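Structure assessment
What follows is the residue order along each chain.
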Amino acid sequence: MVTSNQGKYQEISSELEKAGISVEWKRMEYDEMQGKDTYSISLRSCMDVGKKLEGDFFLEDTGLYCEALNGFPGPYAKYVQETVGNAGLIRMLQGMNRKAKFVTVISLRHGDRIVQFDGVLSGIISESERGSNGFGFDPIYIPDGEDRTLAEMSPYEKNHISHRGKAIRKLARYVEENKLN
Ligand code: ITT
């Protein structure tokens, strides 16, 4: 798996190991193209990284889409984390509809093919930061049907319901069905 983000790698490796699939971390930062949707950004990153790496690999792109902000930050989620952070996003949504969804798209290159697997989690942005597990927006994200933020859940509970957990289980099924392990 190619990623610069340790939190992502931990979630993904624990889920794949549960399915009996071993995974190796290629810690690498890569440029992401600008664009509106997570599917095309993930695909383009996979094609670009594929020019530099031999063999099969996968990467994933995750976006956070806030309804009241017409989808912002979407694919610019990392930029928002690095600039205004969680407190800034809470402020931006003051007095507004707080609905937001996470979208993860995994792109797997094997042989001369690229295959994509997705996962979505719907919820709201909380009014304060809560919890210390996870990473990124987890302390301000409350999934639908929950009172707790993702950062107040165990890694197991988060993976069970999350955008990334859903996408990774689709990848695991594909790996098994196609005997890629
Ligand atoms: P890559 O090297 O894999 O691209 P990244 O951290 O740049 O790592 P993304 O662009 O996909 O990853 O993520 C955008 C931002 O969203 C980034 O700041 C993450 O910390 C945050 N994020 C991604 N998945 C998250 C999750 O499950 N919970 C909370 N925040 C998340």
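Check the entry above for the structure.
Here's what I pulled together on the structure shown here.

What counts and how
- Residues numbered from 1 in each chain as written.
- Predicted model: local features only at pLDDT ≥ 70, side-chain atom pairs only at ≥ 80, totals over all residues.
- Heavy atoms only, no water.
- Near = heavy atom within 4 Å.
- Polar contact = N/O pair within 3.5 Å; in protein donor to acceptor, adjacent residues only side chain to side chain.
- Areas by Shrake-Rupley, 256 points an atom, 1.4 Å probe, with all protein chains shown as cover.
- Helix = DSSP H or I, 4+ residues; strand = E, 2+ residues; numbered from the N terminus.
- Contact = heavy atoms within 4.5 Å.
- Patch = residues over 30% accessible without salt bridge, like charges linked within 9 Å, V, L, I, M, F, W, Y side chains within 5 Å.
- Salt bridge = Lys/Arg side-chain N within 4 Å of Asp/Glu carboxyl O.
- Buried < 20%, exposed > 50% of the residue type's maximum accessible area, 1.4 Å probe, protein only.
- Axes fitted to C-alpha atoms, helices over the stretch in contact; angles between N-to-C directions.
- Parallel < 35°, antiparallel > 145°, perpendicular 65-115°, else oblique.
- Left-handed = near helix turned anticlockwise from the far one by under 90°.
- Nonpolar A, V, L, I, M, F, W, Y, C, P; charged D, E, K, R; others polar.

Now for the site of the ligand. In the vicinity of the ligand lie 20 residues, with Thr-3, Ser-4, Asp-138, His-163 and Arg-164 positioned nearest. Within the contact set of the ligand, an oxygen atom lies 2.9 Å away from a backbone nitrogen or oxygen of Thr-62. Contacts to the ligand include Arg-164, whose side-chain N or O atom sits 2.8 Å from a nitrogen atom. Contact with the protein chains covers 95% of the free accessible surface of the ligand, which is 610 Å². Those elements that provide at least two residues to the shell around the ligand are strand E3 (57–66), helix H3 (77–83) and helix H6 (163–177).

With that settled, consider the environment of Leu-64. By the secondary structure assignment, Leu-64 is in strand E3. Not counting the four nearest positions on each side in its chain, Leu-64 is found in contact with Gly-71, Phe-72, Pro-73, Gly-74, Ala-77, Leu-89, Ala-100, Lys-101, Phe-102, Ile-125, Phe-137 and Tyr-141.

A word on a nonpolar patch on the surface. Nonpolar side chains collect at one region of the surface, where Phe-72, Tyr-76, Tyr-79, Val-84 and Met-92 lie side by side and expose about 460 Å² of accessible area between them. Here Tyr-76 lies in the loop between strand E4 (73–74) and H3. Given the relative accessible area of 34%, Tyr-76 is considered partly exposed.

Let us now look at the packing of helix H1 (residues 6–18) against H6. Running from amino to carboxyl end, H1 crosses H6 at an angle of 45°, the nearest separation of the two axes being 10 Å. The pairing of H1 with H6 is recorded here as oblique in orientation. For the element pair H1 and H6, the recorded crossing hand is right-handed. Across the interface between the two elements, Lys-8, Glu-11, Ile-12, Glu-15 and Leu-16 of H1 pack against Arg-164, Ile-168, Arg-169 and Ala-172 of H6. Here the contact of H1 with H6 is composed, by residue class, of four nonpolar, no polar and five charged.

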